[in-house]
Amino acid sequence: MTLKQLIYVLKVAEVGNMTEAASRLFIAQPSLTHAISELEKELGITIFIRTNRGITTTREGDEFLGYARNVIEQADLLEERYKRGHKGNPRFAVSCQHYSFAVSAFVEVINLFPAEEYDFILRETETYEIIEDVSHLRSEVGVLYLSPHNQTVLEKVFRKNDLVFTELLRVAPHIFISNAHPLSDRETLSLEDLEPYPYLSYEQGSNNSFYFSEEPLNALECRKNIKVRDRATLFNLAVGLNGYTVSSGIIDSSLSGPNIISKPLDTDGEMRIGYIRKKNAPTTRYCSAYINFLKDKTGASQL
């Protein structure tokens with residue numbers, strides 16, 4: 001087993017296609033295929049399943065990829081320390097729901113580990129995609145929430161994919177609205193107060209069910225509904241249309257700007273904000289730092 005083979009395996013897992021991986025690695029596809037086959041034969045495992053639709057990772061392959069990433073990171077650290085002129089190329093990926101605090105924590109990680117070159121990925125994406133990314137180790141950590149309404153279903157999905165959920169804190173549902181909203185001077189708001197205004201929520205693609213919703217009250221029957229794909233669009237609609245969304249109430253104004261404010265929602269229920277990781281997966285220094293910054297941004301470190 002060589003470092004080069006590990007790099008090859010990680011690239012194939014990243015792009016999900018042998019031809020594309022070979023192109024990005026600047027080698028011939030038969031050479032790439034042979035190198036991975038030799039590695040699988042040496043270790044006595046099957047890392048990838050090859051089909052007409054592309055490449056999928058086996059369960060033992062998922063575990064192997066986690067360790068491979070850790071080995072490559074340690075090799076980079078050695079070169080940074082002992083090889084003069086070496087420029088490290090850190091790699092780290094996060095998948096999250098549309099939380100500004102998750103983005104802010106990501107920024108802090110990059111600032112903590114300055115480098116001239118790095119390959120970091122931040123995916124603000126659908127809930128199901130977060131689970132898939134962490135399950136297949138495309139991301140080291142995923143940030144999402146559980147509630148009494150989705151907990152049973154999502155925890156079953158976590159167990160099926162060998163994922164572990166770690167709670168950061170519990171919060172009551174809040175709403176995000178514009179600071180110029182007609183109701184912005186209220187201390188708290190009820191669903192009845194908000195009925196005349198557009199309800200903004202994140203689209204979840206083919207998994208657009210209540211259980212995968214980012215909004216803990218997405219079963220609401222509202223007269224005006226708008227679904228969006230990104231946080232900037234949602235905030236623009238909140239400002240332009242006096243729309244609202246239901247969320248955690250945790251907002252980083254340095255990233256989101258001063259136009260969006262949070263108000264407590266007069267309703268029962270709570271959100272368990274936390275993160276998921278692959279069970280027994282090695283933890284890189286970037287992941288450890290990211291989790292610590294998440295705790296700081298959410299106030300979990302003070303609990």
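Keep in mind that this is a model prediction, so the values were computed, not measured.

**Student:** Any chance you could explain the pattern of salt bridges here in plain terms?
**Tutor:** When their charged atoms lie close together, side chains carrying opposite charge are able to pair. In total, this model carries 19 salt bridges according to the counting rule given. The shortest N-O distance in the salt bridge between Lys11 and Glu14 comes to 3.3 Å. Taken together, the residues span about one helical turn, with Lys11 and Glu14 both in helix α1 (residues 3-15) at a distance of 3 residues. Among the residues examined, Glu14 registers a relative accessible area of 43% and is labelled partly exposed. Its salt-bridge partner being Glu14, residue Arg24 comes within 3.8 Å of it at the nearest N-O pair. Of the two residues, Arg24 sits in helix α2 (residues 18-25) while Glu14 sits in helix α1, which places them 10 residues apart along the sequence. Beyond isolated ion pairs, a larger network of salt bridges with shared partners links Glu155, Glu167, Arg170, Glu270 and Arg272.

**Student:** Honestly, helix α11 (residues 285-298) in this entry has me stumped. Any pointers?
**Tutor:** Here α11 contains 14 residues, and its C-alpha end-to-end distance of 20 Å stays within 8% of the 20 Å for a straight helix at 1.5 Å per residue. For α11, the complete set of buried residues consists of Tyr286, Cys287, Ala289, Tyr290, Ile291, Phe293, Leu294 and Thr298. Gly299, located one to two residues past α11, shows a positive phi value of around 80°.

**Student:** Even after reading the chapter, I still don't get the sheet that holds strand β10 (residues 245-247), so can you show me in this structure?
**Tutor:** What holds strands together in a sheet is hydrogen bonding between their backbones, with the strands either parallel or antiparallel. One open sheet accounts for 3 strands, arranged β10-β7-β11; its pairing is antiparallel. At either end of the open sheet lies a strand with only one pairing partner, and these are β10 and β11 (260-264). Sheet twist, expressed as the mean angle between neighbouring strand axes with direction ignored, is 40°.

**Student:** When you look at the domain arrangement of the protein chain in this model, what are you seeing that I'm missing?
**Tutor:** Where interface size is given, it is often the accessible area lost as the parts come together that is meant. Partitioning the protein chain into domains gives domain 1 (3-83), domain 2 (91-167 + 272-298) and domain 3 (171-270). Between the C-alpha centres of domain 1 and domain 2 there is a distance of 22 Å. For the domain 1 and domain 2 pair, buried surface summed over both sides reaches about 1,200 Å², with 46% attributable to carbon and sulfur atoms. Where domain 1 packs against domain 2, one counts 2 salt bridges. Ionic pairing is found between Asp162 and Arg59, a salt bridge with its closest N-O pair at 2.4 Å. With 13 residues, helix α4 (residues 59-82) is the single largest residue contributor to the side of domain 1 that touches domain 2. Each residue belonging to the side of domain 1 that touches domain 2 can be placed in one class, and the counts come to 4 nonpolar, 3 polar and 7 charged.

**Student:** I would appreciate a short explanation of the packing of α1 against helix α3 (residues 29-43) in the present structure.
**Tutor:** In a packed pair of helices, the relevant descriptors are the angle between the two axes and the axis-to-axis distance. Between α1 and α3, the shortest axis-to-axis distance is 10 Å and the interhelical angle comes to 110°. By the angle between their axes, α1 is roughly perpendicular relative to α3. Along the contact surface, α1 presents Gln5, Tyr8, Val9 and Val12, while α3 presents Leu32, Ala35, Ile36, Glu38, Leu39 and Glu42. Along the lines of polarity and charge, the residues of the contact of α1 with α3 split into 7 nonpolar, 1 polar and 2 charged.

Analysis parameters
- Residues numbered from 1 in each chain as written.
- Predicted model: local features only at pLDDT ≥ 70, side-chain atom pairs only at ≥ 80, totals over all residues.
- Heavy atoms only, no water.
- Salt bridge = Lys/Arg side-chain N within 4 Å of Asp/Glu carboxyl O.
- Helix = DSSP H or I, 4+ residues; strand = E, 2+ residues; numbered from the N terminus.
- Buried < 20%, exposed > 50% of the residue type's maximum accessible area, 1.4 Å probe, protein only.
- Expected span 1.5 Å × (residues − 1).
- Pairing = 2+ DSSP bridges.
- Axes fitted to C-alpha atoms, helices over the stretch in contact; angles between N-to-C directions.
- Domains from an automatic or database assignment.
- Buried area = accessible area lost by both parts, 1.4 Å probe.
- Nonpolar A, V, L, I, M, F, W, Y, C, P; charged D, E, K, R; others polar.
- Parallel < 35°, antiparallel > 145°, perpendicular 65-115°, else oblique.
- Contact = heavy atoms within 4.5 Å.

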